Amino acid sequence: MILDDSAPRYLPHCTRPELLAMGLSPLAGGSWIEVDTSLGRFHAHKQALAADDKAAVYRWLPDSLPAQEELAAQLLRHLLEAHGDAYRREGDAIHCTAAGFSVPWPPATPDPLWSLSLLVAEDLVIMEPGDGGYRLTAASLCSPSHWRLAEKLGRPLREIHDPIPGIHEDLSPRIDRFFDHLRPEHPVERFNWTLQADPGLFHPGPGKAPEAASSPLYYRVERQTLVRLPQTGAVVFTIRVFLHPLETLASRPGALAALGAAIAAAPPALARYKGFDSLRAALAHYPLS
């Protein structure tokens, strides 16, 4: 089924308003990847970023190749079986009927993760066990929320999370236990949310200068899935960003008021990290109470 992305599909601040929470839920097998009307936009977005500076959005370590290959086989099978209305094989390519593009398959290069990422809206991140815990060994990251791939490749999960205020005190031990115990047959999903003052998907950092009162704001949601690959033992993140004008939340009863309450309840350090302080004047123009 091809979903409609013209309005927000998920409002995680309504059910889990806290900004720092694991918030894990079981993932139904058929919903690992979601196909919607914005797929063509994401495909073009990824290609444009790669044409400008591919190293900024795609990197991998040589020892990640087995995990890349396992992920490619598993995810491609999922797309063709669970989303047969959107994908089909055509000769030496996978054709996306949902958005009218094709990706050569098998890829010409020995690193399949990039070609795989062009088939889906999601960003793809591979974490593998090593010294110091799970470390990031490969990623196609074209819609980052407050991080840069070049600074994170090869680093363990705890170091990746270092900039997030309070995460080590509140969540890091639980995250470590979760990674150790995640099973291939029990994938999960979780959501993050934030706000921003521009419609860009590529958002490696929050705005620093205060936004003008007239600035339009956007509601940004990350849907993350976490899946254990059974052969290599790697953990795969898929990260899909949803980005809509903040005023679209007005059509959902209570959504804007819940957002206002969540922002007001955010710990000061975490609110600064999210960039909420720079949005105060612009937020005043929305009915958040």
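The rules behind these values
Residues numbered from 1 in each chain as written. Predicted model: local features only at pLDDT ≥ 70, side-chain atom pairs only at ≥ 80, totals over all residues. Heavy atoms only, no water. Helix = DSSP H or I, 4+ residues; strand = E, 2+ residues; numbered from the N terminus. Rg over C-alpha atoms; globule rule 2.2 N^0.38 Å. Buried < 20%, exposed > 50% of the residue type's maximum accessible area, 1.4 Å probe, protein only. Contact = heavy atoms within 4.5 Å. Areas by Shrake-Rupley, 256 points an atom, 1.4 Å probe, with all protein chains shown as cover. Lys, Arg positive; Asp, Glu negative; His and termini not counted. Charge placed at Lys NZ, Arg CZ, Asp CG, Glu CD. 1 Å grid on protein atoms, 1.4 Å probe; cavity = no way out; pocket = protein on both sides within 12 Å on 5 of 7 lines; lining within 4 Å. Points joined across faces, edges and corners; volume = space filled by probe spheres on them. Expected span 1.5 Å × (residues − 1). Arc of directions from axis to C-beta. Core = buried A, V, L, I, M, F, W, Y, C linked by side-chain atoms within 4.5 Å.

## Some points on the overall build of the protein chain
Consideration 1: Helix and strand counts for the protein chain come out as 11 helices and 10 strands.
Consideration 2: Its C-alpha atoms give the protein chain a radius of gyration of 19 Å, near enough to 19 Å, the size a compact globule of 289 residues would have.
Consideration 3: If you line up the protein chain on its principal axes, its C-alpha atoms span 55 × 45 × 35 Å.
Consideration 4: Taking all 289 residues of the protein chain together, the buried fraction comes to 52%.
Consideration 5: Contacts spanning at least 24 positions in sequence make up 72% of the contacts within the protein chain whose residues lie at least 6 apart.
Consideration 6: Carbon and sulfur atoms make up 55% of the accessible area of the protein chain, which totals about 12,600 Å².
Consideration 7: Between the mean site of the 27 positive side-chain charges and the mean site of the 33 negative ones, the protein chain shows a separation of 3 Å.

## Describing empty space enclosed by the protein
Consideration 1: This structure, assessed with the given rule, holds one cavity of 30 Å³ or more.
Consideration 2: Size it by volume and the largest cavity reaches roughly 30 Å³.
Consideration 3: Every residue along the wall of the largest cavity is listed here: Pro 8, Arg 9, Tyr 10, Tyr 219, Val 221, Phe 242 and His 244.
Consideration 4: For the lining of the largest cavity, the elements supplying multiple residues, two or more each, are strand E9 (218–228) and strand E10 (235–245).

## Describing helix H2 (residues 39–53)
Consideration 1: End to end, H2 covers 21 Å across 15 residues, agreeing with the expected 21 Å (1.5 Å per residue, within 8%).
Consideration 2: Here H2 has its buried residues at Leu 39, Phe 42, His 43, His 45, Lys 46, Leu 49 and Ala 50. Buried residues in H2, looked at end-on, bunch into an arc of 160°, giving them a common side. Turned more than 90 degrees off the buried face of H2, the exposed positions are Ala 51 and Asp 52.
Consideration 3: Buried residues belonging to H2 abut strand E3 (87–89), strand E4 (93–96), strand E5 (101–104), helix H4 (113–117), strand E6 (123–130) and E10.

## What to know about the nonpolar core
Consideration 1: Counting 47 residues, the largest nonpolar core has Met 127, Phe 179, Trp 193, Leu 195, Tyr 219, Leu 246 and Leu 259 as the members making the most contacts within it.
Consideration 2: Looking at this core element by element, the count peaks at five residues for helix H9 (residues 255–265).
Consideration 3: Apart from the residues within four sequence positions on either side, Met 127 is in contact with Tyr 134, Arg 135, Leu 136, Leu 157, Ile 160, Phe 179, Ala 234, Val 235 and Phe 237.
Consideration 4: Residues Trp 105, Leu 124, Ile 126 and Tyr 218 belong to the second largest nonpolar core, which totals 42 residues.

Any functional reading would require information that these geometric values do not contain.
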